[in-house]
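# Understanding the architecture of this molecule
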Amino acid sequence: MDPLLDLLKKNAREPDAVLAKELGVTEHDIRARIAAYQAEGVIRGFQAVLNPDRLADADVRAVIELRIRPEREGGFDRIASRISRFPQVESMFLMSGGFDLLLFVKGQSLQEVANFVSARLAPLEGVLSTATHFMLKTYKDQGVLMESEPHDDRLQVCP
Amino acid sequence: MTTVSKSARDFIAPHLRDIPKSGIRDFFDIVASRKDVISLGIGEPDFQTPWHIREKAIASIENGATRYTSNLGTPELRQALSDYMRRSFSAAYDPVSEILVTVGVSEAFDIALRAVLSPGDEVLYHEPCFVAYAPLIRMAHGVPVAVDTFRKDNFRLTVAELEKRVTPRTRVLLLNFPNNPTGATLDKEDTEALADFALRHDLLVISDEVYSELTYEGGRHSMAAIPRLRDRLIFLNGFSKAWSMTGFRLGYVCAPAPLTDAMMKIHQYCMMCASSISQTAGLEALRQGEPDVVAMRESYNQRRNFIVASLNELGLDCFMPRGAFYVFPSVQSTGLTSHEFAMRLLNEYNVACVPGTAFGACGAGFLRCAYATGIDPLKEAIDRIGQFLRTL
């Protein structure tokens, strides 16, 4: 992977001037490359990684396994595309194994998520079954540990 | 008969008493007493030891692998080291008789010197250098002979300088590239020329290459890759820098069997063996840890680029080092000495850098800045150095 993308994955807020120095290129080059990645759809957005356990008004989150019937024309894609448009669905993947779609869903309450599943997802044409697992605690998200590793306890100077 | 009884101090061996306390010790103590210091003074990786390595160490305790190992180190680890030497340096070392696992490179250094030096033997070593070399030579009853390296050569060691200091008493040439504190590395021509020099003067070479995995460009040119040197080379390396395993205290020596045997005599009586737990961790690092090294090297590389560009922008002349995780900027343009600059930067802006003189007299006018620290503290340190420079 382009080291620029690696650095942005680690900290998307890093100023262009710093990225330029780290990679030994000009700031103009950094801006052009990021713009190109956005135009190509490689970069789809920039987000903060939040620890829901530290948020006062955190959403309830659930993982849902969905079995669906593929269609003669279009396979899984058409139904998957319909499901992915619900704003409650944060992430969604087509999977190998015992089910087809894995959804990461959020809602303001347990009830809201349950309603979404029973009223929106389950009745959809082509959905064969759902299995909903509520998330209890976040240990790591997007490669970020929610409890940091112990503070830098190295000696302040050493030879 | 009256006797004058000795005080505690009188029992200290004279050759040890004469070794000055590390000049940098005072500076370290001041830094240690300060709060909220941004330290570019830490000669230690900032990464946590990769989890899979720590996990193996934990498992080894769970499995009860907490006994003495073979004095030389476990056969599996020595075999893995032999493979690593072949893979990385095209150097063939027999795992049964030519590899010895030590408690860090520090122990390796000590036993290497003690194994080969007789009182009064001279050892050529280059400055600026790691603070332990000269004291270790003295403790082995040798005579340290410093050879200067210069900014104009990007702190590479030249044969011309060596020729000025070699004498009939010279027995050993000691090398450390990539170098702490300058980050200097050797090119292929340099290693060849140094090998020729050693052969011409019939010297043993001790090469500490603990930073070799942290070479960013220009290729790795190890003394171990020079076949004609094999019979007169003691090669030292360790796990601390490559895999961020400083606290595991794990290093190793590769040397021809008679020399390994000689070092083994000391090691078996003073150490028995390196920690069994650390050896398990080291084996995991060698077997599964290549991707960790690649990722850490890339991260250091980016920080190196950042700090070198930033320091030069601030007017502190700084060459682009090709190895280790140090930069060695000159502060001569400020009119301050290394020590004055470092003390004022610490006192007025709470940033710690080590004065170049800590690493030898020819480090005067320079600072060692370690960039093995997060990019955010690095940015803050650069900001503060900039503010400090504007007040001068």
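Residues numbered from 1 in each chain as written. Chains lettered and ligands numbered in written order. Predicted model: local features only at pLDDT ≥ 70, side-chain atom pairs only at ≥ 80, totals over all residues. Heavy atoms only, no water.

Attention now moves to the domain arrangement of chain A. Segmenting chain A into domains produces domain 1 (3-40) and domain 2 (52-136). The distance between the C-alpha centroids of domain 1 of chain A and domain 2 of chain A comes to 34 Å. (Domains from an automatic or database assignment.)

Across a sheet, strands are paired by hydrogen bonds formed along the backbone, either parallel or antiparallel in direction. Residue and element names in this part refer to chain B. Here seven strands make up an open sheet; going across it, the order is β2-β8-β7-β6-β5-β3-β4 and the pairing mixed. A strand with exactly one partner marks an edge of an open sheet, and here the two such strands are β2 (99-102) and β4 (143-148). Strand-to-strand twist across the sheet, computed as the mean angle between neighbouring axes with direction ignored, equals 20 degrees. Examined bridge by bridge, β2 and strand β8 (residues 251-254) share four bridges and lie antiparallel to one another. Along β8, the bridge assignment pairs Thr 102 with Gly 251. Sheet strands in contact with helix α5 (residues 104-116) are β2, β5 (170-175), β6 (204-208), β7 (233-238) and β8, and its direction is about 165 degrees off that of β7. (Pairing = 2+ DSSP bridges. Helix = DSSP H or I, 4+ residues; strand = E, 2+ residues; numbered from the N terminus. Axes fitted to C-alpha atoms, helices over the stretch in contact; angles between N-to-C directions. Contact = heavy atoms within 4.5 Å.)

With that out of the way, let us pick up the nonpolar core. Residue and element names in this part refer to chain B. Counting residues in hydrophobic clusters, the biggest one holds 81 residues, and the most contacted among them are Ile 234, Met 263, Ile 307, Phe 325 and Phe 341. Apart from the residues within four sequence positions on either side, Phe 325 is in contact with Gly 43, Glu 44, Pro 45, Tyr 211, Leu 214, Tyr 216, Lys 241, Tyr 300, Cys 369, Ala 370, Tyr 371 and Ala 372. With 54 residues, the next largest nonpolar core counts Phe 89, Val 147, Leu 173 and Phe 248 among its residues. (Core = buried A, V, L, I, M, F, W, Y, C linked by side-chain atoms within 4.5 Å. Buried < 20%, exposed > 50% of the residue type's maximum accessible area, 1.4 Å probe, protein only.)

Right, let's talk about the interface of chain A and chain B for a bit. Counting residues at the interface gives 17 residues for chain A, matched by 32 residues for chain B. Between chain A and chain B, a total of about 2,000 Å² is buried, with carbon and sulfur atoms accounting for 53% of that surface. At the junction of chain A with chain B, the criterion picks out 14 residue pairs in polar contact (both at pLDDT 80 or more). Those elements that place two or more of their residues in the side of chain A that touches chain B are α1 (3-10) and α2 (16-23) of chain A. Taken together, the residues of the side of chain A that touches chain B break down into 10 nonpolar, two polar and five charged. (Buried area = accessible area lost by both parts, 1.4 Å probe. Polar contact = N/O pair within 3.5 Å; in protein donor to acceptor, adjacent residues only side chain to side chain. Nonpolar A, V, L, I, M, F, W, Y, C, P; charged D, E, K, R; others polar.)

Within the structure shown, the criterion is met by 30 salt bridges over all chains. A salt bridge links Glu90(A) to Arg61(A); the shortest N-O distance between them is 3.9 Å. Of this pair, Glu90(A) sits in strand β2 (residues 89-94) while Arg61(A) is found in strand β1 (residues 60-68), placing the two residues 29 residues apart along the sequence. Residue Glu90(A) is classed as partly exposed on the basis of its relative accessible area, which comes to 42%. Here Arg61(A) falls in the buried class, since its relative accessible area comes to 18%. A salt bridge links Arg232(B) to Asp202(B), with the nearest nitrogen and oxygen atoms 2.9 Å apart. With a gap of 30 residues between them, Arg232(B) in the loop between β6 and β7 and Asp202(B) in the loop between α8 (188-200) and β6 connect regions that are remote in the sequence. Taking the relative accessible area as the measure of exposure, Arg232(B) reaches 18% and is therefore buried. Each of Lys188(B), Glu192(B), Asp196(B) and Arg228(B) takes part in one network of salt bridges that share partners. (Salt bridge = Lys/Arg side-chain N within 4 Å of Asp/Glu carboxyl O.)

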